[in-house]
There are 2 protein chains.
Amino acid sequence: MQVGRFEAAVTAFRQIVGEEHTLTDVAALQRYGWCTIPVQRNIPAVLRPSTLEEVQQIIHVASTHHVPVYPISTGNNWGYGSAQPAHDRSVVVDLGRMNRIIEVNTELAYAVVEPGVTQSQLYDHLQQHRIPLWLNPTGAGPSCSIVGNTLERGFGIGPNGDHFLAQCGMEVVLPSGEILQTGFGHFPGAKATYLYKWGVGPYLDGLFTQSSFGVVTKMGVWLTPVPAYFEACYLTCNSEEQLGPLIDAVRQLLFTGVFQGPVNLLHRNRVLIMLGQYPWEEMAGQTPLSESTAARLAARKKIGAWNGVGAICGSRAQVRAARQTIRQALKGKVDRLTFLSDGRLRLLRRYPKALSVLSGMNVPDLLRTLESAYGMMKGIPSEIALSLSYWRNRRMAPPAADINPARDNCGLMWFAPIIPMTRDGVFAFRGIIEPILAKHGFEACITLTAVNERCFDCTLPILYDKDDPNEVQKARACYAELHDSCGRAGYIPYRLGLQSMTEETSRDDVFWAVVQKLKAALDPQGIVSPGRYAR
Amino acid sequence: MQVGRFEAAVTAFRQIVGEEHTLTDVAALQRYGWCTIPVQRNIPAVLRPSTLEEVQQIIHVASTHHVPVYPISTGNNWGYGSAQPAHDRSVVVDLGRMNRIIEVNTELAYAVVEPGVTQSQLYDHLQQHRIPLWLNPTGAGPSCSIVGNTLERGFGIGPNGDHFLAQCGMEVVLPSGEILQTGFGHFPGAKATYLYKWGVGPYLDGLFTQSSFGVVTKMGVWLTPVPAYFEACYLTCNSEEQLGPLIDAVRQLLFTGVFQGPVNLLHRNRVLIMLGQYPWEEMAGQTPLSESTAARLAARKKIGAWNGVGAICGSRAQVRAARQTIRQALKGKVDRLTFLSDGRLRLLRRYPKALSVLSGMNVPDLLRTLESAYGMMKGIPSEIALSLSYWRNRRMAPPAADINPARDNCGLMWFAPIIPMTRDGVFAFRGIIEPILAKHGFEACITLTAVNERCFDCTLPILYDKDDPNEVQKARACYAELHDSCGRAGYIPYRLGLQSMTEETSRDDVFWAVVQKLKAALDPQGIVSPGRYAR
């Protein structure tokens, strides 16, 4: 019966999207199961629709035959589950072929995109048409979907860095098959659909982020007009003791509005994992990285105990004032404060050796770290942040292009709780996580991203050798202990991997009960993304 | 039966909140019916609970006896319905006694307040305890609830001006009687409840704004740390022809981030109605105000065709740079550009006559207009914007204190659509509304508030003599025509008055159908705020 229903659905699906885009062969299904977290789902089929109508028809068939479907945008949800569905036996609906850039409005600085539009696709479009707008890329790389990252409420550094905040207007195929336009979009001819987030009446967009309430097929995203001047601000603290005063200073600077968008503070270890792989030989195969080796590596690459980066832009006068304000606020609190502009970057690129001698810095290495962050704040998607996935991959280093940590069987689980932007908050949090990571044999590779003026989003990767069952076990145990201990202390993740959704949402809790009620109202059969941020 | 049920409920209500706070006498019910829009609801009773538990018990009784309740915060929803419920026969639940300021966090710049906390109450609290934080007041006056205005997605000018954007964390009594904590609030001991808006899983807060899904009993609101330097920027254009270039320049300035929070552009007429009453004598009883009289009044008071105001703050260097950037961008586009600081304001106050002579301006009148906006951007609630309600009130002028336009039977209906921040958008919009207002005998008193970088919230008051049945009729017809014509052209209001909720939400439209589905899921009996932004 179960099988008969499924077969009937697949036959109908084939009629909708065609033979070519109905994948049921083992190789294809395996590809969609590639994953950096230790979770393996049973995927019965993958559909690749290319239009809104096809999505509607898929939903109709899924509903008729009671076969759950699980939409993905491009499936690059690295460290949280990649392309895999939350539950076994969900048919994956890959929206990658729906990749039209429907509109770019230069004057009002927004784009309207489908879920398959990748970061690099939008970037290339803006470049090719000489449109003076920046997107805000996330670290998941050029091939990552803009819609997908926004629906997961991901973020980047620099202007418009909180992606859900910069989202305006959605088109959603509901589990009923109806098409919902949020905000003002449901008013025929509305002029402000992509300009004003809230619309009139209840604000519904939030329901379709981190949820299973519908299939988002179109979305407005706010972009940043290229400013007259842009500089990246880099700071380095050589000692751990400087972190406390640095946090206070950064919070105060954020409140004065000198930085555009989120600022990153990277722990030494976080920079190390972005610049190379685990030094297995030097460590004689032992994990985690010893303090002495880490210190030696960091010294060689001139990496500070804490390393910060943020964007400043505006008129020449505004950028100058921002620089001055930052210098004053960080005086005596950091060991190095550098402002990088296009001009200075050209100089560094041209004379790396001379400047290395002059500055006493390793300029080529410095450039490698600086440039990608610099570019990302200017809207250039980069693979740099992704290379960390290969830290403990013994089989291979990150490829020069087309990085895909899931394909390459890298071991990466993200744990990303929100921490108050206070010294006490950060210190208490570190006091919990660092012993847990050490106990399980992992490095604490913290980035603190100031997603607003009041809190950090701490992205903490658990990097393990996925070929080693013993390390897989440790990673799993480490994640569970981090999640539990931090949860008890009130440090809650902003986003969940597939491994924790069911547990989290099954707590006896009014919030999750309300989510279930809403789910039942919109999707009584439970055919869209069962288990996604829900029981 | 109906009556019996109601009587039984009132008896139970009395036991919950006490005799004193269960109002059923005609005078009290009349007071809650005071309203500036031509809508009169039949209010059977008013309850004034003082605790969360009392609210829960009220919901329980309402549910048991099928008696609908309609929560208000302070009921100062001037121009949209004041304290009145959306439907007849709803028991008003006045949350004004729930007025605790539960927490103010100076370091992280937020407050947690109950619905009865007024703008002046929080302001006084900050002053008394010398807490260096600013709230962002809305124009509805000192006695307006912070929670109420936020739930209606109201706004102010200056930092944190989009009130829903600056809201973080809610406590909601659901129609089931359960208590929902949104964001991270439902995690015991969560540290970032008031620091990070989105929480984890679907973002639900939006559901409880402009809706009927629950009773919000607590809310976090973000405040602004008092900046090192603050200046108000005032601009004046003497001619209508300057508006187009001004709009472009303001949009570009907003994108560079020189202004903190929303900027206001006020049409001459809008300033006039804030500074005096309708000149009945001069106009020999005729309406609307003639162009020649308006021009004469404006000349006397030195009001430009368009008048702008925005906040700039930060370090001394940042404020200087902002001033310079604004000057450059507005060069040749405005006739007067003034930056007001505490120092300059002191000077104006001390030597008004000398400065009038020197500057050729009417400094006392100027001060009256400037000071209130200046103060409001620094977090000081003011009644100035409220005095416009008395424009056509023939019985009385705005009282010197305790302005209450509903009590004083002022005629005010707000029509507040969102307009793209482009010349074409604004001109097309004006081309629609100005003939309609003129046809019905009203002045076009536009304020364009740049609620973000991409659109204006145009607040347009229809000011009428509520004692004159003929004018009431005209106001009603004018509103309907504005609403219809603007709707057809795609200019949709960000907020609705009681007069248009049923009509708007009854359209055959997936969005409103989804709203009804969600309503049914959370409130199957329809006991909370029936008709509020719903059918």
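Residues numbered from 1 in each chain as written. Chains lettered and ligands numbered in written order. Predicted model: local features only at pLDDT ≥ 70, side-chain atom pairs only at ≥ 80, totals over all residues. Heavy atoms only, no water.

### Overview of the pattern of salt bridges
Residue and element names in this part refer to chain B. This is how it is decided: Throughout this description, the term salt bridge denotes a Lys or Arg side-chain nitrogen within 4 Å of a carboxyl oxygen of Asp or Glu. In this description a helix means any DSSP run of H or I spanning at least four residues, a strand means any run of E spanning at least two, and both kinds are numbered starting from the N terminus. A simple rule labels every residue: compare its accessible area, found with a 1.4 Å probe on the protein chains alone, to the largest value its type can have, and call it buried under 20%, exposed over 50%, or partly exposed in between.
Going through the model one piece at a time under the given rule, you end up with 54 salt bridges over all chains. Aspartate 465 is paired through a salt bridge with arginine 394; the nearest N and O atoms lie 3.3 Å apart. Linking aspartate 465 in the loop between strand 19 (455-464) and helix 14 (469-489) with arginine 394 in the loop between helix 12 (363-377) and strand 16 (411-415), this pair joins segments that are 71 residues apart in sequence. Exposure remark for aspartate 465: the relative accessible area of 5% places this residue in the buried category.

### A closer look at the sheet that holds strand 9 (residues 179-181) of chain B
Residue and element names in this part refer to chain B. Worth spelling out the cut-off: Should DSSP find at least two bridges between two strands, the strands are regarded as paired. Between N-to-C directions, angles span 0 to 180 degrees; the directions come from axes that are lines fitted to C-alpha atoms, helices contributing only their stretch in contact. Here, residues are in contact when the closest pair of their heavy atoms is within 4.5 Å.
Ordered by their spatial adjacency, five strands build an open sheet running 5-6-10-8-9, and the pairing between neighbours is antiparallel. Every other strand in the sheet has two partners, leaving strand 5 (101-105) and strand 9 as the edge strands with one partner each. The mean inter-strand angle of the sheet, taken between neighbouring strand axes irrespective of direction, is 10°. Of the strand pairs in this sheet, strand 5 and strand 6 (residues 110-113) are connected by four bridges, and their pairing is antiparallel. Note that in strand 6 the partner of isoleucine 101 across the bridge is valine 113. Against the sheet, helix 4 (residues 119-128) contacts strand 5 and strand 6, and its axis sits at roughly 50° relative to strand 5.

### Remarks on the interface of chain B and chain A
Spelled out, the test is: Here the quantity called buried area is the accessible surface, traced with a 1.4 Å probe, that two parts lose on coming together, added over both. Any N or O atom pair separated by 3.5 Å or less is treated as a polar contact, with the protein-specific requirement of one donor-capable and one acceptor-capable atom, and with residues adjacent in sequence counted only for side-chain atom pairs.
Between chain B and chain A, the contact holds 87 residues from the first and 87 residues from the second. Interface area lost by chain B to chain A is led by Trp198, Arg454 and Phe511 of chain B, which between them contribute 11%. Where chain B packs against chain A, one counts four salt bridges. Applying the counting rule to chain B against chain A returns 32 residue pairs in polar contact (both at pLDDT 80 or more). Counting residues per element, the ones that place at least two in the side of chain B that touches chain A are strand 9, helix 6 (243-256), strand 14 (306-314), helix 9 (316-330), strand 17 (418-420), helix 14 and helix 16 (510-522) of chain B. No other element matches the nine residues that helix 16 of chain B contributes to the side of chain B that touches chain A.

### Brief notes about the side chain of asparagine 149 of chain A
Residue and element names in this part refer to chain A. Mapped onto the fold, asparagine 149 is located in helix 5 (residues 146-151). A relative accessible area of 6% means that asparagine 149 is categorised as buried. Excluding residues that lie within four positions of it along the chain, asparagine 149 makes contacts with Thr138, Cys144, Gly154, Phe155, His163 and Arg495.

### So, the sheet that holds strand 3 (residues 69-72) of chain B
The strand order across the open sheet formed by four strands is 1-2-4-3 (chain B), and the pairing between neighbours is mixed. In this open sheet, the two edge strands, each paired with only one partner strand, are strand 1 (22-23) and strand 3 of chain B.

### Focus on the confidence of the model for chain A
The test is simple: One number per residue, pLDDT, summarises how confident the predictor is, and it ranges from 0 to 100.
Considering every residue of chain A, the mean pLDDT works out to 95; 98% of them sit at 70 or more. The complex model carries a pTM of 0.97, and its ipTM stands at 0.97.

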